[in-house]
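Survey of secondary and tertiary structure
Take a look at the letters that make up each chain.
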Amino acid sequence: MKSPMQPSAASRSRRRFLSRLGLGAGAGLLGPIVEGLVSEAQGQTSKRKRVVFFITGNGIKNENFLPTEVRSNSADTLLPGRTDYTWPTMFKALEPYRSRMLLVDGLANQCGSPYGHTGGFGALSNVEPQGGAEKGGPPGAQTIDQFLAGKLGGDTRLKSVLYGITQTPKGPTMSSVFGAGSGKPQSHILSPKLLYSTIFDGLGSTAAADPKTLRKAILLDSIRHEVKRVQGNLAGEERRKLDDYLAAIDDMEKRQTAQGASLASCQAAKAPAVAGDDWNYGADRPAEALLESMTEMAAVALACGITNVAGVSFGTGHSHYFFPRFYRLAQLVPTSDWDGKPNYIDGALHNEPSQTVQMNVIHNFNAGLIARMIAVLSKIKEGNGTAWDNTVFVYFSENGDAHHAERRHWPVAIIGSGGGGFKADGSFLRYPRKPAKGYRSMGDLFCTLATGLGFPTDSFGKGGVEPVVGPLTELLA
Amino acid sequence: MRRMDGSLAGWIVVATLAGCVGTVEGGAGEAAPSGTPDDPGAPRARSSGKGNSDTQVTAGNPSAPSGGGTGDIANPGPIACGAGDVGPRRVWRLTKAQYRNSLAVLFQGRPSAKKQAAALTFPIIDAFDSVNAVDRFSNYAASYSLDDLELRTVLDNADEVAGRLVTALRTDRASCLGSTPRPALRDCVRTLVADKGALLFRRPLAPDEIDYFTSLSVDAASKMTDDEAAATAFAALLVAPQFLFRSELGGGAPGTDGSVKLTDYEVASALALSLTDYPPDEELWQAAAAGGLSTPESIGVQVERLVGALGDQPTVLRFFREYVPYQNAATIFKDPKLYPFHNGELLVADTDLFVRQILSKAGRSGLLNALLTSSTGVARQATAASYGLPSGLAADPRPVTLPPTQRAGILTQPSLLTAFSDGERTHVVRRGRFVSESLLCRAVPELPNGQVPPLPDLGPNATGRDRLRMHSVEPRCVACHRFMDPLGLGFEAYDHVGRYRTTEGGKPVDASGVLSDAGMGDGAFDGVVDLAGRLAASPVVSACFVRHGFRYWMGRAEGAADGCALAAARDALAGSGDYLKMLTAFFQSRSFLRRANQP
């Protein structure tokens, strides 16, 4: 029974995994798992609704998003859904799924400073962050991803899987756009290694068989014991800090024994935590490759039932300049001649009309990541269809429509029907732009998402920046 | 009028957005010290402090007149000192640096006069990177809690660190884990929990704590090896709130005002972590153990010792980086095709060295004046063009004499000028807002949502002054912009990459501005060199600097009961311009040493 501590097979597997990361080859990393899942999941009858929020920084400009056919239409009146339009280049990779998408414009959410660089935590909540978005203050309210994580993630191992990239990462995690509640930012992961261990560590192990799992159980108990010892001396906000700690423990314990992730293939990648700084980018480890790797992991987590909610932060943040250098994407853009210096198209950050080409490349990269996730989910049989049939992706920028945004109209793409809740018929439609009569808000969109996924509400985001009326019926099936 | 809640709030009186007429940040203030940290005594009041009665900050007074100026700052009323509730008990999660350094100390022991503090020698997952500062300062206690993702990180790290600790102890013959024969697991772990626990908890463990952590190991031993069981106890120490959170709970008998004093170990922890990012060193530990941190004098000795040379202390530099956020220059994109000479990172590095130079030469005498007016900068070949210097500078950064009619102090550092610019043009409003908020302590409200008309596009040859003309005629703009634009326009002699210029868009630059609410020196000024000289002499600026110092070093916004601390620090700074005396005054104050005696 007693054996000295030594590297396990799992840690060797981890090292093999990490060595591949250095090559920037995320593609195919978890292919065998997916293949295993395909065969294991045959005949699975239960359906699980899933949602993925893909949030980019820097705004989505008219020049990238608006179909040419509608640009001359008045922005002050409702433009009903139409399907006869030229597909935006920014979503080229998603064109095969065009008939299952909705493109929406005109929703308002004037959180943050006008002409500022970020909506921050207000982007997904319709509530101004504390101290203002530009200062990066904590959330003013729970964001929609975490609201849905609470609803959809009750029985999953992870309430949500949040990850992303940023310009100058200072560590393996950061928080900038997702929020657990008022004053409670929700971190997202920048490190593929950390995401890997978060998703896969401990899968399939039991306390009796695994000393590490046993120790974790002991540690969680001990934290609870010691928090109570300290907490008696505290009140108010100070007590809340330790309440958060306890809540994190409760959540982790509950999910330790969660259903889902029971398919053997999902356990094939388990590995212990390893330290490192793989969140740092460079020419030999482009941010694009890291994001691809993490997206594959998230796709498997969604396919395996490890989580039902994912969030991607693509250069969002409370500063001016949060896009990293894109070493790979830069090769696709025909403007790499800035005084002989490499152009990593981070120069596209100002998102000027003249930078439409660069921004199309960047958005289309993200569209390609979504397409990859769809491809994985499409292989997983679920009920009479596939996991993709029960999933919805939502793509927009945390800064609305521009690098310096007024945030009067937020371009949004909804991809998938989320189990039949959303219209998803290939339409483009535009709501009257604020302050035109009848304008609608991102808060209304959040109510729509909740309702379409089976949790009807007309009040998410109410009392925030914009008036919230309720779900946008035009978007619901 | 309303009082902002939270953080900075505590003491900011903000006008309604519609009128924007009351943007006065009430000071906390002038008051006579009363009692000692051990016996705060009964509250008492007085109407003026030592000397400079016309330069005092006032205690925040929500009912103070609100004219957009600093009338209440210049003419303080009687303020109770020692009155009011002191801050609540609090816990303060370790920062990333403190966490790493604490783990280093776990392996290498406390640093001392004979043993330099060392860094962690093995990799861990960096915990606690994500800070959403409530105010500008990254070290606000309220900014630090712990979410589920961070829990995973500290659990993973605890596993790694505990395993390494056991390995290290097994090779140490002086340790019971490394001795032969090895004593019983319970006895050995008990000894180690007491020893290592004190390093991590920054105080001796209580007997019941030792019993508890030892029992975790003993209970686990039936299911794992003895080494793994010992590691389990260590890992439990590493995830305990007593380690991850600084404790400021206080103890002992309440004073006459009902508050309790921080324990000596809590004082030692707070001093060490605040001033060095390390847990207490050996000298501080011994002082706490001997009950030697009870008097202002003993604390003053420790502060001076821990800080050491001001210019070399990273925690001091961090204050200036966050107070004057020039480091943002590194995040403002400049088209390298148009501005090949510009290097934001190097400009930030230059200013770091400039600040350190000021701290070294003037940190103990005339700091604020030197910071605002010194024409001795730091530059290098790669940044010379940004300062308008010839290209023959050395590749390494060196002190340089800057043209005194063009550059004076930190306000004219290209890094700061870039930080308050856009990618292509200067940002008059932000530059003015920085001076208004950070140097004059006026609170400028955020822009009201959806009510701001865009500035007209006047073409590429329009000057910044042209573009902002609307702010001085449109009533909705005037209300707030009068607190920013008259100051920001004075910076127009510097372009958006920080170069000095005499023309803009083919027209001569007009760098005139208007200073108000500075207590003295108010009126029209011509350019930042002129402005900086006036600000350096302003008692309001000095008081404002003290207030930001309080926020940074105390990790919270000032409140009604902090008047004595602010007054003492202001007096310390005003007398000699000694930054160290100012921050020492904070750590000697009732605001730091006492907590309300209630959960």
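Residues numbered from 1 in each chain as written. Chains lettered and ligands numbered in written order. Predicted model: local features only at pLDDT ≥ 70, side-chain atom pairs only at ≥ 80, totals over all residues. Heavy atoms only, no water.

Comments concerning the overall build of chain B
Helix and strand content of chain B: 24 helices and 14 strands. Considering chain B as a whole, with its 599 residues, one finds that 62% of them fall into the buried category. A sequence separation of at least 24 residues applies to 68% of the contacts in chain B between residues at least 6 apart. Counting only carbon and sulfur atoms, one obtains 53% of the accessible surface of chain B, whose full area is about 21200 Å². (Helix = DSSP H or I, 4+ residues; strand = E, 2+ residues; numbered from the N terminus. Buried < 20%, exposed > 50% of the residue type's maximum accessible area, 1.4 Å probe, protein only. Contact = heavy atoms within 4.5 Å. Areas by Shrake-Rupley, 256 points an atom, 1.4 Å probe, with all protein chains shown as cover.)

Regarding the overall build of chain A
The helix and strand inventory of chain A stands at ten helices and 14 strands. Classification of the 477 residues of chain A by burial places 64% in the buried group. The contacts in chain A between residues at least 6 apart in sequence include a share of 76% that link residues at least 24 apart. Put simply, chain A shows about 15900 Å² of open surface, and 52% of that area lies on carbon and sulfur atoms.

Topic: unusual backbone geometry
Here the bond from A:Lys434 into A:Pro435 is cis, since omega is 10°, no more than 30 degrees from zero. By the element assignment, A:Pro435 lies in the loop between strand S14 (428-430) and helix H10 (442-452). The residue after B:Thr180, namely B:Pro181, is reached through a cis peptide bond having omega -5°. Mapped onto the elements, B:Pro181 comes out in the loop between helix H3 (148-170) and helix H4 (185-201). A positive phi angle is found at A:Ala424, which is not glycine, with a value near 45°. Its location among the elements puts A:Ala424 in the loop between strand S13 (410-415) and S14. Relative accessible area serves as the criterion here: at 12%, A:Ala424 is assigned to the buried category.

Quick word on the packing of helix H21 (residues 539-554) of chain B against helix H22 (residues 563-576) of chain B
Residue and element names in this part refer to chain B. Viewed as axis vectors pointing N to C, H21 and H22 meet at an angle of 125°, and their least axial separation amounts to 9 Å. Classified by the interaxial angle, the pair formed by H21 and H22 is oblique. The way H21 lies across H22 gives a crossing that is right-handed. Only Ala 565, Leu 566, Ala 569, Arg 570 and Leu 573 of H22 make contact with H21, whose side of the interface consists of Ser 542, Phe 545, Val 546, Arg 547 and Phe 550. A breakdown of the residues in the contact of H21 with H22 according to their chemical character gives seven nonpolar, one polar and two charged. (Axes fitted to C-alpha atoms, helices over the stretch in contact; angles between N-to-C directions. Parallel < 35°, antiparallel > 145°, perpendicular 65-115°, else oblique. Left-handed = near helix turned anticlockwise from the far one by under 90°. Nonpolar A, V, L, I, M, F, W, Y, C, P; charged D, E, K, R; others polar.)

Here's the deal with the packing of aromatic side chains
A complete count under the given rule lists 38 aromatic pairs over all chains for this structure. A centroid spacing of 6.2 Å and a plane angle of 50° characterise the contact between A:Phe65 and A:Phe428, whose relative ring orientation is tilted. Of this pair, A:Phe65 sits in helix H3 (residues 62-65) while A:Phe428 sits in strand S14, placing them 363 residues apart in sequence. Exposure remark for A:Phe65: the relative accessible area of 1% places this residue in the buried category. The side chain of A:Arg98 reaches across the aromatic face of A:Tyr85, ending 4.6 Å from its centre. Against the face of B:Trp92 rests B:Arg246, its NZ or CZ located 3.8 Å from the ring centre. (Phe/Tyr/Trp six-rings, centres within 6.5 Å; stacked < 30°, edge-to-face > 60°. Lys NZ or Arg CZ within 6 Å of the ring centre and 35° of its normal.)

Describing the state of the cysteines
All names here are of chain B. By the definition in use, this model includes two disulfides over all chains. What pairs with Cys 176 in a disulfide is Cys 188, and their sulfur atoms sit 2.0 Å apart. Handedness here is read from the sign of the S-S torsion; for Cys 176 and Cys 188, about 85°, the answer is right-handed. Of the two residues, Cys 176 is situated in the loop between H3 and H4 and Cys 188 in helix H4; the sequence distance between them amounts to twelve residues. In this structure Cys 176 comes out as buried when scored by relative accessible area, which is 14%. Relative accessible area serves as the criterion here: at 1%, Cys 188 is assigned to the buried category. (Disulfide = S-S within 2.5 Å.)

With respect to the confidence of the model for chain A
All names here are of chain A. Residues with a pLDDT of 70 or more make up 77% of chain A, whose mean pLDDT is 81. Confidence drops under a pLDDT of 50 for residues 1-28, and excluding neighbours within four residues, the segment shows 48 contacts in the predicted structure. In the model, residues 270-275 has pLDDT below 50 throughout and makes 29 contacts with residues more than four positions away in sequence or in other chains. (pLDDT = per-residue confidence, 0-100.)

A word on the pattern of salt bridges
All names here are of chain A. Summed over all chains, the structure comprises 48 salt bridges over all chains. Lys 184 is the salt-bridge partner of Asp 244, the closest N and O atoms lying 3.4 Å from each other. Here Lys 184 lies in strand S7 (residues 184-185) and Asp 244 lies in helix H7 (residues 236-256), a separation of 60 residues in the sequence. Put simply, Lys 184, Glu 237, Arg 240 and Asp 244 are held in one network by salt bridges that share partners. (Salt bridge = Lys/Arg side-chain N within 4 Å of Asp/Glu carboxyl O.)

A few points about the environment of B:Gln313
All names here are of chain B. As for its position among the elements, Gln 313 is in the loop between helix H10 (296-307) and helix H11 (314-323). Once the C-alpha coordinates of Gln 313 and Gly 109 are considered, the two residues, 204 residues apart in sequence, prove to be 21 Å apart. Beyond its immediate chain neighbours, meaning those up to four positions away, Gln 313 contacts Leu 275, Thr 276, Leu 306 and Val 307. Within polar-contact distance, the side chain of Gln 313 engages the backbone oxygen of Val 307 at 3.5 Å. (Polar contact = N/O pair within 3.5 Å; in protein donor to acceptor, adjacent residues only side chain to side chain.)

With respect to H3(B)
Between the first and last C-alpha of H3(B) there are 33 Å, a value that for 23 residues agrees with the 33 Å anticipated at 1.5 Å per step. With respect to burial, H3(B) is a largely interior element, 18 of its 23 residues being buried. (Expected span 1.5 Å × (residues − 1).)

Section: the side chain of B:Asp495
All names here are of chain B. Inspection of the secondary structure assignment puts Asp 495 in the loop between helix H19 (485-488) and strand S10 (503-504). A distance of 3.0 Å separates a polar side-chain atom of Asp 495 from the backbone nitrogen of Val 497. The residues contacting Asp 495, other than those within four sequence positions of it, are Ser 421, Thr 426, Arg 431 and Arg 501.

Section: the packing of helix H6 (residues 211-231) of chain A against H3(B)
In the contact formed by H6(A) and H3(B), the axes pass within 11 Å of each other and the chain directions differ by 120°. Classified by the angle between their axes, H6(A) and H3(B) sit oblique to one another. You can see that H6(A) and H3(B) cross each other, and the crossing is right-handed. Residues A:Lys212, A:Arg215, A:Lys216, A:Leu219, A:Leu220 and A:Ile223 of H6(A) touch H3(B), and the partners they reach there are B:Leu151, B:Leu155, B:Asp156 and B:Asp159.

With respect to the side chain of B:Gln357
Residues and elements named next belong to chain B. For Gln 357, the location among the structural elements is in helix H12 (residues 344-362). Given the relative accessible area of 14%, Gln 357 is considered buried. The residues touching Gln 357, leaving out its near neighbours within four places in the chain, are Thr 376, Gly 377, Val 378 and Pro 399.

Things to note about the confidence of the model for chain B
Residues and elements named next belong to chain B. Here chain B averages 82 in pLDDT, and 82% of its residues register 70 or above. This model gives residues 1-37 a pLDDT under 50, and the stretch forms 139 contacts once residues within four places in sequence are excluded. The low-confidence segment residues 39-80, where pLDDT is below 50, has 108 contacts with residues more than four positions distant or belonging to other chains. Taken together, the chains of this predicted complex give a pTM of 0.76 and an interface ipTM of 0.79.

Regarding helix H5 (residues 207-220) of chain B
Between its first and last C-alpha, H5(B) extends 20 Å over 14 residues, near the 20 Å set by a 1.5 Å rise per residue. Residues of H5(B) that are buried include every one of B:Glu209, B:Ile210, B:Tyr212, B:Phe213, B:Thr214, B:Leu216, B:Ser217 and B:Ala220, and no others. In this structure, the buried side of H5(B) is in contact with H6 of chain A together with H4, helix H6 (226-239) and helix H7 (241-244) of chain B.

Describing the environment of A:Ala149
Residues and elements named next belong to chain A. With respect to the helices, strands and loops of the structure, Ala 149 is situated in helix H4 (residues 144-152). Taking the relative accessible area as the measure of exposure, Ala 149 reaches 0% and is therefore buried. When the C-alpha positions of Ala 149 and Val 392 are compared, they lie 14 Å apart, and in sequence the two are 243 residues distant. Those residues in contact with Ala 149, other than ones at most four positions away along the chain, are Gly 154, Lys 159, Ser 160 and Val 309.

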